[in-house]
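# Topology and contacts: notes
Each chain, written out:
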Amino acid sequence: AGWVEALIAALDANPQAGLATPKILLMDDPKRINTCGNEIHISGLTLCRGMGLPADTFNQHEEVAAVSGAAFVIRRNLFQRLGGFDEAFFLYMEETDLSLRARLAGWHILYVPDSIVYHDYQLRFGPRKTFYQERNRYRMLLKGLQKRTLLALLPAFLLAEIVTWGYVLLRDRRHLTNKLEAYAWTVRHWGELMNMRRKTQAQRRVADHLLLAQTSHRLGFEQTGDGWLSRLAHFVFDPAFCLVRWIGLILIRQNP
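Residues numbered from 1 in each chain as written. Predicted model: local features only at pLDDT ≥ 70, side-chain atom pairs only at ≥ 80, totals over all residues. Heavy atoms only, no water.

### Some remarks on the packing of helix 4 (residues 129–144) against helix 6 (residues 154–171)
Relative to each other, helix 4 and helix 6 sit at 170°, their axes nearing to 12 Å. Classed by the angle they form, the pair helix 4 and helix 6 counts as roughly antiparallel. Note on element contacts: helix 6 touches helix 4 through Phe157, Ala160, Glu161, Thr164, Tyr167 and Val168, opposite Thr130, Glu134, Arg137, Tyr138 and Leu141. Broken down by class, the residue content of the contact of helix 4 with helix 6 amounts to six nonpolar, two polar and three charged. (Axes fitted to C-alpha atoms, helices over the stretch in contact; angles between N-to-C directions. Helix = DSSP H or I, 4+ residues; strand = E, 2+ residues; numbered from the N terminus. Parallel < 35°, antiparallel > 145°, perpendicular 65-115°, else oblique. Contact = heavy atoms within 4.5 Å. Nonpolar A, V, L, I, M, F, W, Y, C, P; charged D, E, K, R; others polar.)

### Here we look at helix 3 (residues 94–104)
In terms of residue burial, helix 3 counts as a mostly covered element, since ten of its eleven residues are buried. Burial in helix 3 covers these residues: Glu95, Thr96, Asp97, Leu98, Ser99, Leu100, Arg101, Ala102, Arg103 and Leu104. Immediately beyond the C-terminal end of helix 3, within one or two residues, lies Gly106, with a positive phi of roughly 100°. (Buried < 20%, exposed > 50% of the residue type's maximum accessible area, 1.4 Å probe, protein only.)

### Overview of helix 8 (residues 190–201)
Residues that lie three or four places apart on an α-helix share one face, since the helix turns once every 3.6 residues. For helix 8, spanning twelve residues, the distance from its first C-alpha to its last is 16 Å, which sits close to the expected 16 Å at 1.5 Å a residue. Of all the residues in helix 8, the buried ones are Leu193, Met194, Arg197, Thr200 and Gln201. The buried residues of helix 8 all sit within an arc of 120° when viewed along its axis, so they share a single face. Of the exposed residues in helix 8, those oriented more than 90 degrees away from the buried face are Gly191, Arg198 and Lys199. Packing partners of the buried residues in helix 8 comprise helix 3, helix 4, helix 5 (147–152) and helix 7 (177–188). (Expected span 1.5 Å × (residues − 1). Arc of directions from axis to C-beta.)

Right, here's the structure in full:
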């Protein structure tokens with residue numbers, strides 16, 4: 001009760017905020033969090049913020065990197081100005097892309113813990129999920145970031161390729177071609193992507209280093225399966241991503 005009103009009140013109280021997202025709890029385990037806004041990794045991968053943690057945590061109103069597509073509000077004039085969702089995404093990360101474009105245009109995104117939503121959520125990896133997630137991640141990054149930023153973050157993107165290929169080989173081997181198809185789709189639609197890029201960049205009001213300051217270097221490996229493998233992945237990749245993120249942000253700030 002009152003979840004929509006709480007989100008609208010937050011926007012009314014914060015004129016620079018364009019979107020607001022609630023505390024989303026697991027319907028089948030309401031004492032646990034599904035997500036409290038989403039985190040964007042430096043590579044563009046998107047994670048549930050607070051997944052699995054106790055429901056009585058994350059109790060502060062704060063700015064977040066992205067809304068959760070499960071439930072959020074957006075100002076109508078902003079939604080129209082941005083052209084709504086990028087319909088080419090079809091499935092997965094469309095809310096991250098919308099959030100990134102809103103922030104690129106100078107708007108903030110709020111997490112509102114007073115608003116509670118229950119989500120009938122299960123982590124599933126269907127036969128085409130990797131294709132859509134990876135294709136959409138490439139599309140979002142190519143549209144949203146400047147060329148020098150993409151170059152500065154190339155080590156982070158290459159590390160992310162190692163991570164995603166590792167996941168496919170270990171957990172999704174039956175659908176090995178998904179990654180290859182994501183590459184092929186990006187190449188085939190390059191002209192369309194560059195056209196969308198020009199439209200997105202025309203709305204830019206914020207420098208890339210301000211956008212990327214809200215990204216994370218840590219991937220939630222445990223969200224796809226707990227155990228020794230996720231702990232090992234954190235041990236290996238967290239320091240590497242931290243370093244390339246730090247160097248990348250320095251390079252981006254030096255070339256505003």
